[in-house]
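Spelled out from the first residue to the last, the chains are:
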Amino acid sequence: MAKAFVTGFPIRHSRSPLIHGHWLRQYGLDGSYQAIEVAPEGFADFVGSLQRNGYVGGNVTIPHKEHAFALCSRHDSAAEDIGAVNTLWFEGSVLWGGNTDAYGFVANLDSLSSGWDRRKSALVLGAGGASRAVVYALKQREFDDIRIVNRTLDRARELADRFGRGITAHEWRAVPELLRDSALIVNTTSLGMQGKDDMAIDLSTADPEALVTDIVYVPLETPLLKAARERGLKTIDGLGMLLHQAVPGFERWFGVRPEVTSELRVLILADMDRPAPNGKPT
Ligand code: ATR
């Protein structure tokens, strides 16, 4: 039986076991996928013992993505450029690390808004790890005008330097002006996530043809997406990115390229409505 895992700290809220479990059942495969909580100090040992414990690979999430990058002998080009790993697999005894976040981001937009990348200007809110994957994805799709806005301007500058030409860094107060000619607006910050501050962003100057997307998926309709919908802008939520980023890993470990279906989406949405022990949805 092929065994895979997802590890993070904490990990109990991860929906990845539901996604991979659904596909294992759907394709009738003899495999398993389990969530394993590993604290940062135990991560290197955990990775070192994977093959001995019979794992073919797995997913890595916060806070281990950069550490995983350092522990892998080989990387795919996305992981190399992003500097973080979310998918591990073995080729013989060689540990490979890949990054499928950028793939998940574009696959979600491709499937719901084909032609979304025709115009090559984007406004990216945030300059953390998630933003790095989004900026990499946009560069891959040949966006030549990527504006990164971040509370801490230096982080936006670092990101702009990392990915080179066609990327600029800005402060929040530049947003109204930047919105005018941004064909794509992406939130990568934790603002708007359940329990975090609401995102205060006025979309009145946005291009009416702009597509607005958020990588936050709890709540499914973030304050940014709600404001965009109310202005009649096209919106895409972040759940699809989560589902699509899981595809390449599943294919590597279990040998079948799985499909992202509306049935899978409904399954995850039902789980999001389930109250957690503290009474809040997870
Ligand atoms: P991730 O890996 O999920 O991207 P991260 O690297 O911690 O997480 O980045 C979080 C992003 O959300 C950053 O862009 C952060 O801005 P700073 O770089 O200035 O910290 C942004 N963010 C988080 N809380 C914020 C807040 N209250 N206001 C504005 N930006 C916020």
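Structure report, in brief.

Analysis parameters
Residues numbered from 1 in each chain as written. Predicted model: local features only at pLDDT ≥ 70, side-chain atom pairs only at ≥ 80, totals over all residues. Heavy atoms only, no water. Axes fitted to C-alpha atoms, helices over the stretch in contact; angles between N-to-C directions. Helix = DSSP H or I, 4+ residues; strand = E, 2+ residues; numbered from the N terminus. Parallel < 35°, antiparallel > 145°, perpendicular 65-115°, else oblique. Left-handed = near helix turned anticlockwise from the far one by under 90°. Contact = heavy atoms within 4.5 Å. Nonpolar A, V, L, I, M, F, W, Y, C, P; charged D, E, K, R; others polar. Pairing = 2+ DSSP bridges. Buried < 20%, exposed > 50% of the residue type's maximum accessible area, 1.4 Å probe, protein only. Polar contact = N/O pair within 3.5 Å; in protein donor to acceptor, adjacent residues only side chain to side chain.

### Looking at the packing of helix α5 (residues 101-112) against helix α6 (residues 129-140)
Part 1 of the reasoning: Axis separation between α5 and α6 bottoms out at 8 Å; the angle between their running directions is 60 degrees. For the element pair α5 / α6, the angle class is oblique. Between α5 and α6 the crossing geometry is right-handed. Every residue of α6 that contacts α5 at Asp101, Ala102, Phe105 and Val106 is listed here: Ala133, Val134, Tyr136, Ala137 and Leu138.
Part 2 of the reasoning: Considered class by class, the residues forming the contact of α5 with α6 number 8 nonpolar, no polar and 1 charged.

### Section: the sheet that holds strand β4 (residues 74-75)
Part 1 of the reasoning: Strand order in the open sheet made by the 6 strands is β2-β1-β3-β5-β6-β4, with mixed pairing throughout. Here the strands that pair on one side only, and so sit at the sheet edges, are β2 (31-37) and β4.
Part 2 of the reasoning: Inspection of the sheet shows β4 paired to strand β6 (residues 94-98) by 2 bridges, in the parallel sense. Bridging from a neighbouring strand, His75 pairs with Gly97 of β6.
Part 3 of the reasoning: Contacts from helix α1 (residues 16-26) reach β1 (2-8), β2 and β3 (55-60), with the element oriented near 175 degrees to β2.
Part 4 of the reasoning: Taken strand by strand, helix α11 (residues 247-254) contacts β1, β2, β3 and β5 (87-91), and its axis lies near 25 degrees from that of β5.

### Some thoughts on the side chain of Asn59
Part 1 of the reasoning: Assignment of secondary structure puts Asn59 in strand β3.
Part 2 of the reasoning: Accessibility expressed as a relative area gives 6% for Asn59, which makes it buried.
Part 3 of the reasoning: Within polar-contact distance, the side chain of Asn59 engages the side chain of Tyr33 at 2.7 Å.
Part 4 of the reasoning: Beyond its immediate stretch of four places on either side in the chain, Asn59 contacts Phe5, Val6, Thr7, His20, Tyr33, Asn86, Thr87 and Trp253.

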